[in-house]
Amino acid sequence: MNKKFYTVLRLLGIAPNADFFLIIGQRGNGKTVGVLSYFLEQYKKLKRRFCYIRRWEEDIKAYRSELLFTGYLDSFVKKLFGEEFSVQYYRHKYYLVNGNGTKVDCIGYVLSLSAAAHSKSVAYENIGYILFDEFIQMSGERILPDELSKFDNVLSTIIRGDNVKNNIQVWMCANTVSKFSPYFIRFGID
């Protein structure tokens, strides 16, 4: 069966110069896969890296981060870069790896809002795209204390120095699990 995933092309057609894109939809329709596929295409074209953000440090543990580029995304990487290539996670970074297991280049960084204070001095180089995945909290899940400030601090950590001229796009994906989110207030969504 050929499963179809969400495509970001329509959003880019509507608002190509937007700084923030919010995608909210049913679970499993490929929001994250669609956004990361777009990031990979842009990396190949422009050599701009991405940052993948989740709320909790637990959500970016190695065993979870390693699973992100399996299945469809692994096939997409092989189609885009060549059959011998894959993406591997190592120490809060995603690397494009060749058939010999050699890291060709860092293509993305992984961080959590809950540990954001520990990332202030990290240099995130040549960033073009940010994905904050699962930005709407699940029913019963709490947000971080002062989460919007932490989000702002993470953005200012990433979008500084040479990255400022990159016109970084921030993508935020979530399932339709709640009608309420502090991010809705932030962006004036009623």
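As the structure is a prediction and not an experimental result, all values here were calculated from the model.

**Some words on the packing of aromatic side chains**
- Taken as a whole, this structure holds 20 aromatic pairs when the rule is applied.
- An angle of 90° between the planes, with centres 5.8 Å apart, marks the rings of Phe135 and Tyr183 as edge-to-face. With Phe135 in the loop between strand 6 (127-133) and helix 5 (147-158) and Tyr183 in helix 6 (residues 182-186), the pair connects residues that are 48 residues apart, well separated along the chain.
- Assessed through its relative accessible area of 0%, Phe135 is described here as buried.
- Three or more aromatic residues joined by ring pairs form one cluster here, namely Phe21, Tyr38, Phe39, Phe50, Phe69, Tyr89, Tyr94, Tyr129 and Trp171.
- One cation-aromatic arrangement involves Lys103 over Tyr95; the distance from NZ or CZ to the ring centre is 4.9 Å.

**Some words on the environment of Lys150**
- Assignment of secondary structure puts Lys150 in helix 5.
- On the accessibility criterion, Lys150 (26% relative accessible area) is partly exposed.

**Notes on empty space enclosed by the protein**
- Under the defined criterion, the tally for this structure stands at one cavity of 30 Å³ or more.
- Considering the residues around the largest cavity, the lining is formed by Leu111, Ala116, Ser119, Lys120, Asn153, Val154 and Thr157.
- Top contributing element to the lining of the largest cavity by residue count: helix 5, with three residues.
- Per-class residue counts for the lining of the largest cavity are three nonpolar, three polar and one charged.

**Brief notes about the sheet that holds strand 5 (residues 103-112)**
- The sheet built from seven strands is open, its strands ordered 1-7-6-2-5-4-3 with mixed pairing. The outermost strands of the open sheet, each flanked by one partner alone, are strand 1 (20-25) and strand 3 (86-90). On average, each strand axis in the sheet is tilted by 20° relative to the strand beside it, whichever way the strands run.
- Pairing analysis gives five bridges linking strand 2 (residues 49-54) to strand 6, with the strands arranged parallel. Looking at strand 6, one finds that Ile53 is bridged to Phe132.
- In the packing of helix 2 (residues 31-46) onto the sheet, the strands contacted are strand 1, strand 2, strand 4 (93-97), strand 5, strand 6 and strand 7 (169-175), and the crossing angle to strand 6 comes to about 170°.
- On the sheet, helix 5 packs against strand 1, strand 2, strand 5, strand 6 and strand 7 and is oriented at approximately 160° with respect to strand 6.

**With respect to the state of the cysteines**
- A complete count under the given rule lists zero disulfides for this structure.
- Looking at the unpaired Cys51, the closest cysteine sulfur is the one in Cys106, lying at 8.7 Å.
- Judged by its relative accessible area of 0%, Cys51 is buried.

**Some points on the pattern of salt bridges**
- For the structure shown, the criterion picks out seven salt bridges.
- Among the salt bridges present, the one from Asp59 reaches Arg54, with a minimum N-O distance of 3.8 Å. Here the two residues Asp59 and Arg54 agree in accessibility, since each one is buried.
- Salt-bridge contacts for Asp152 lead to Arg186; the nearest nitrogen and oxygen are separated by 2.8 Å. Placement of Asp152 in helix 5 and of Arg186 in helix 6 is noted, with a sequence separation of 34 residues between them.
- Owing to a relative accessible area of 33%, Asp152 belongs among the partly exposed residues under this scheme.

**Some words on the layout of surface pockets**
- One number sums up the size of the largest pocket: a volume of about 450 Å³.
- Of all elements in the fold, only helix 2, strand 2, helix 3 (62-67), helix 4 (72-81) and strand 7 reach the threshold of two or more residues within the lining of the largest pocket.
- At four residues, helix 2 tops the list of elements feeding residues into the lining of the largest pocket.
- A per-class count over the lining of the largest pocket returns 11 nonpolar, seven polar and seven charged.
- Around the second largest pocket sit 12 residues that line it, and Tyr6, Thr7, Gly34, Ser37 and Glu41 are the ones nearest its centre.
- For the lining of the second largest pocket, the elements supplying multiple residues, two or more each, are helix 2 and helix 4.
- Across the lining of the second largest pocket, the residue classes tally to eight nonpolar, three polar and one charged.

Cut-offs used in this document
- Residues numbered from 1 in each chain as written.
- Predicted model: local features only at pLDDT ≥ 70, side-chain atom pairs only at ≥ 80, totals over all residues.
- Heavy atoms only, no water.
- Phe/Tyr/Trp six-rings, centres within 6.5 Å; stacked < 30°, edge-to-face > 60°.
- Helix = DSSP H or I, 4+ residues; strand = E, 2+ residues; numbered from the N terminus.
- Buried < 20%, exposed > 50% of the residue type's maximum accessible area, 1.4 Å probe, protein only.
- Lys NZ or Arg CZ within 6 Å of the ring centre and 35° of its normal.
- 1 Å grid on protein atoms, 1.4 Å probe; cavity = no way out; pocket = protein on both sides within 12 Å on 5 of 7 lines; lining within 4 Å.
- Points joined across faces, edges and corners; volume = space filled by probe spheres on them.
- Nonpolar A, V, L, I, M, F, W, Y, C, P; charged D, E, K, R; others polar.
- Pairing = 2+ DSSP bridges.
- Axes fitted to C-alpha atoms, helices over the stretch in contact; angles between N-to-C directions.
- Contact = heavy atoms within 4.5 Å.
- Disulfide = S-S within 2.5 Å.
- Salt bridge = Lys/Arg side-chain N within 4 Å of Asp/Glu carboxyl O.

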